[in-house]
Amino acid sequence: MAITKRFGLSISVALIVATGATAQTAPSPQPPRVAKKPFEVTSPNGTREDDYYWLRDDTRKNPEMLGYLAAENAYADAQLAALKPLQAKLYEETVARIKQDDGSVPYRKNGYWYRSRFQVGGNYPIVERRKGVQTAPAETIFDQPAMAQGHSFFALSDWSVSPDNRLVAWAEDVVGRRQYVLKVKDLATGRMLADTVTNIEPNIVWAGDSKTILYVEKDSVTLRGYRAKAHVLGTPAATDTLLYEEKDDTFSMGIARTADDRFVCIGVQTTVSDEQRCAPVATPTAFTVVAPRQREFRYSADHIGTRWIVRTNKAAKNYKLVTVADADLAKGPAAWRDLTPASDTVFIESFKPFDGYVAIDQREGGNRMIRLLTDAGKSIPVKADEPAYRMALDINEEPATPWVRYTYGSLVTPTTTYEVNATTGERRVLKVAPVPGYDPAAYVTERVWVPARDGTRIPVSIVYKKGFKRDGTAAMLQYAYGSYGLSMDPRVDPGQIGLLDRGMVYALAHIRGGQEMGRGWYDDGHLLNKKNSFTDFIDVTRYLVAQKYAAKDRVAAMGGSAGGLLMGAVANMAPADYKLIVAQVPFVDVVTTMLDASIPLTTFEYDEWGNPAQKRFYDYMLSYSPYDNVAAKAYPALYVGTGLWDSQVQYYEPAKWVAKLREMKTDRNPLLFRVNMEAGHGGKSGRFERFRQNAEWQAFMLQQLAVTG
């Protein structure tokens, strides 16, 4: 792709910065305006003019660009000033429902019990271990509150203890760009080793010698993980051994140990293809390919005992499990033998092998559930008592046990950690996530099936406070994601309880593009079927309003990242159906981004959105791209959020979208753009910061929906 400036056509527009002083003297702060500098974005399939392309600055140092973002923040501050008391109240209500000194359920690995715990007021957890028994003295592995001091952003995203239990290696990010640094510490002395490796994925695996660390290196421009390397402690990172390099830039890479810790595997994948190569953890140099890559062929392999277990879509669209003996691994799929049959209704999400059985994480009827399958062929489903729920396998580090840990939750039931016995079926509760001041019996959850315009039935999980009257007067927040085959499962969110207590309805729409209803659900919501995601969301809104769950003029919609694309498309397609749309880190400049292979994530997302170098994809993507379809019409109130250091959706996408909306929209509804200058895709780090940020848009939403309290 070539992007050229059309010289002589640059338009100078005054940049109005709403400073704090201006906000005090001006009765009505004016929204920022940004210069239009026409560019041509060319491709094999057409040329488009982009007046705001100049807002892209990969160095993030352009004074004019930074001035515009500062102006937007100042304008948002001025517009939201009157809501500060409500914002503070919402934040305080949320924090009051969090047990501040909470800790995780301890788990055992290699002779130690591990857990994390928070201190009162702490944004980051302390990670510790106890040797042998849970009553032994605690050894601190990470004092994250201390580690985070002096950093505006801090994330410890992966860590691993050496097989001899002496050292710990971890991946750390203090920018928010997800370019992690490998660090190593001696657990006995607390001494930091000199070894560091920069720009890595958060995947760290020890070799069996306790002195070699395997990791994945990222490309410095695209941030794509593409090289698996081995670092020997005490040697320069520049001399690290290259284990495997992925030349195809449409594939991403990860690395992990098998469940029994006997092998290390390097996996590469795209949306429609996988390839995995594994080697003994004692000598991780001679890798065997489990099965060569093929388009529309996906699999993942794990090891237990003397066999491999593989989840695959080979002759099974919703995936099945197969097994192959160690001696036959190199023979590929020809040696695979079925453990489970293919199914049109049951989608296998993941699995975990144990001695004598396999724990299967699967989906059916829109719900996520657990099933145990013994080597003797006995199937033990784990039961649930609610219409809409989710189960998920929890941390299970030791395969030589009949007990399987999993979590259960719904929109009214807090996350509960269980373990179930694969031999007897006995189930016991290990922990119920504490939510102070919350009574699950005071709320009701439903599963509603909404007919989409093409006849497909869309599952929707709904929650409201008991006593709610379905009379068409309530306010409603509707959320969805609908991309990458990622399924959105119901859970209790402390930040939502206050909304329910104020009489709001919360609806989680399981639209196509996820995999709640199987692989076909995803296929019907991506590439040339992507618009189904958007129309599903709109149809859910209209149905729930027609069924009197909400008033037509009191509906808010929310989505983030690819869900922000959903919000942008919905804003263009059905603006009159929403009073407010909240779009967090939204992917809204679809065509321009997907034309540029230098932007992180682009190349290995061609199978998600399409490659616009091909005309059929170019035309289809252009027909829904939110930025390209902004028009001179009325839009609902909008709250847009981004992070300057976002590596997933670059800040300039929402910045350009907001600038164009300000230019084009004909309504007087508020448009607020909150730019987090010290964070990336997930916002500021720390457990309380998310709730503080959420309280801002929630207060704005309550104002727009005329919700009191």
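Our subject in this report is the structure included herewith. (Residues numbered from 1 in each chain as written. Predicted model: local features only at pLDDT ≥ 70, side-chain atom pairs only at ≥ 80, totals over all residues. Heavy atoms only, no water.)

Next up on the list: the pairing of strand 25 (residues 367-374). Counting buried positions along strand 25 gives eight out of eight residues, so the element sits mostly inside the fold. Residues Asn367, Met369, Arg371 and Leu373 point to one face of strand 25 and Arg368, Ile370, Leu372 and Thr374 to the other, with burial holding for every one of them. Where strand 24 (residues 357-364) lies against strand 25, eight bridges are found, and the strand directions are antiparallel. Across the sheet, the residue bridging to alanine 359 is leucine 372, located in strand 25. The antiparallel pairing of strand 24 with strand 25 creates a hairpin that spans two residues between the two strands, and glycine 365 there sits at a positive phi of about 65°. Here strand 25 pairs with strand 26 (residues 379-381) via three bridges, running antiparallel. (Buried < 20%, exposed > 50% of the residue type's maximum accessible area, 1.4 Å probe, protein only. Helix = DSSP H or I, 4+ residues; strand = E, 2+ residues; numbered from the N terminus. Pairing = 2+ DSSP bridges.)

What follows concerns the side chain of histidine 526. Looking at the element boundaries, histidine 526 is found in the loop between helix 6 (519-523) and helix 7 (531-546). You can call histidine 526 buried: its relative accessible area is 6%. A polar side-chain atom of histidine 526 sits 3.2 Å from the main-chain carbonyl oxygen of aspartate 607. Once you skip the residues sitting within four places of it in the chain, histidine 526 turns out to touch Thr271, Asp607 and Glu608. (Polar contact = N/O pair within 3.5 Å; in protein donor to acceptor, adjacent residues only side chain to side chain. Contact = heavy atoms within 4.5 Å.)

Spanning 16 residues, helix 7 covers 22 Å between terminal C-alpha atoms, matching the ideal 22 Å at 1.5 Å per step. Summarising burial for helix 7: twelve of the 16 residues are buried, a large majority. Residues of helix 7 that are buried: Asn532, Ser533, Phe534, Thr535, Asp536, Phe537, Ile538, Asp539, Val540, Thr541, Leu544 and Val545. Immediately beyond the C-terminal end of helix 7, within one or two residues, lies lysine 548, with a positive phi of roughly 65°. (Expected span 1.5 Å × (residues − 1).)

Another aspect to go through is the state of the cysteines. Taken as a whole and assessed by the stated rule, the structure comprises one disulfide. Linked covalently through their sulfurs, cysteine 265 and cysteine 278 form a disulfide whose S-S length is 2.1 Å. In this structure, the disulfide formed by cysteine 265 and cysteine 278 twists by about 110° around the S-S bond and is classed as right-handed. Here the residue cysteine 265 occupies a position in strand 16 (residues 263-269), and cysteine 278 occupies one in strand 17 (residues 274-280), the gap between them amounting to 13 residues. Relative accessible area serves as the criterion here: at 4%, cysteine 278 is assigned to the buried category. (Disulfide = S-S within 2.5 Å.)

For the rest of this paragraph, the subject is the sheet that holds strand 33 (residues 476-479). With mixed pairing, eight strands are arranged side by side in an open sheet as 31-32-34-33-35-36-37-38. Each edge of the open sheet is held by one strand with a lone partner, namely strand 31 (443-451) and strand 38 (671-676). The mean inter-strand angle of the sheet, taken between neighbouring strand axes irrespective of direction, is 15°. Running over the sheet, helix 7 touches strand 31, strand 32 (457-465), strand 33, strand 34 (505-509) and strand 35 (555-560) and is turned about 120° from strand 31. Contacts from helix 12 (residues 652-664) reach strand 36 (580-584), strand 37 (637-643) and strand 38, with the element oriented near 160° to strand 38. (Axes fitted to C-alpha atoms, helices over the stretch in contact; angles between N-to-C directions.)

Here the idea is simple: oppositely charged side chains can pair when their charged atoms come close. Applying the stated criterion to the full structure yields 52 salt bridges. Residues lysine 99 and aspartate 101 are paired through a salt bridge, measuring 2.8 Å at the closest nitrogen-oxygen approach. The exposure class assigned to lysine 99 is partly exposed, which follows from its relative accessible area of 35%. Taking the shortest distance from any N to any O, the salt bridge between arginine 117 and glutamate 128 comes out at 3.0 Å. (Salt bridge = Lys/Arg side-chain N within 4 Å of Asp/Glu carboxyl O.)

Our focus in this paragraph is the sheet that holds strand 19 (residues 299-304). Read across the sheet, four strands follow the order 19-20-21-22 without closing on themselves; strand pairing throughout is antiparallel. A strand with exactly one partner marks an edge of an open sheet, and here the two such strands are strand 19 and strand 22 (337-338). Strand direction decides the pairing type here: strand 20 (residues 307-312) and strand 21 (residues 320-325), joined by six bridges, are antiparallel. Residue pairing across strands places threonine 312 opposite lysine 320, the latter belonging to strand 21.

Moving on, we come to the packing of helix 3 (residues 84-96) against helix 13 (residues 689-704). Running from amino to carboxyl end, helix 3 crosses helix 13 at an angle of 130°, the nearest separation of the two axes being 8 Å. In terms of their interaxial angle, helix 3 and helix 13 are classed as oblique. Handedness of the helix 3/helix 13 crossing: right-handed. Contacts between helix 3 and helix 13 involve Leu86, Gln87, Leu90, Tyr91 and Thr94 from the first element and Phe691, Arg692, Ala695, Glu696, Gln698, Ala699 and Leu702 from the second. (Parallel < 35°, antiparallel > 145°, perpendicular 65-115°, else oblique. Left-handed = near helix turned anticlockwise from the far one by under 90°.)

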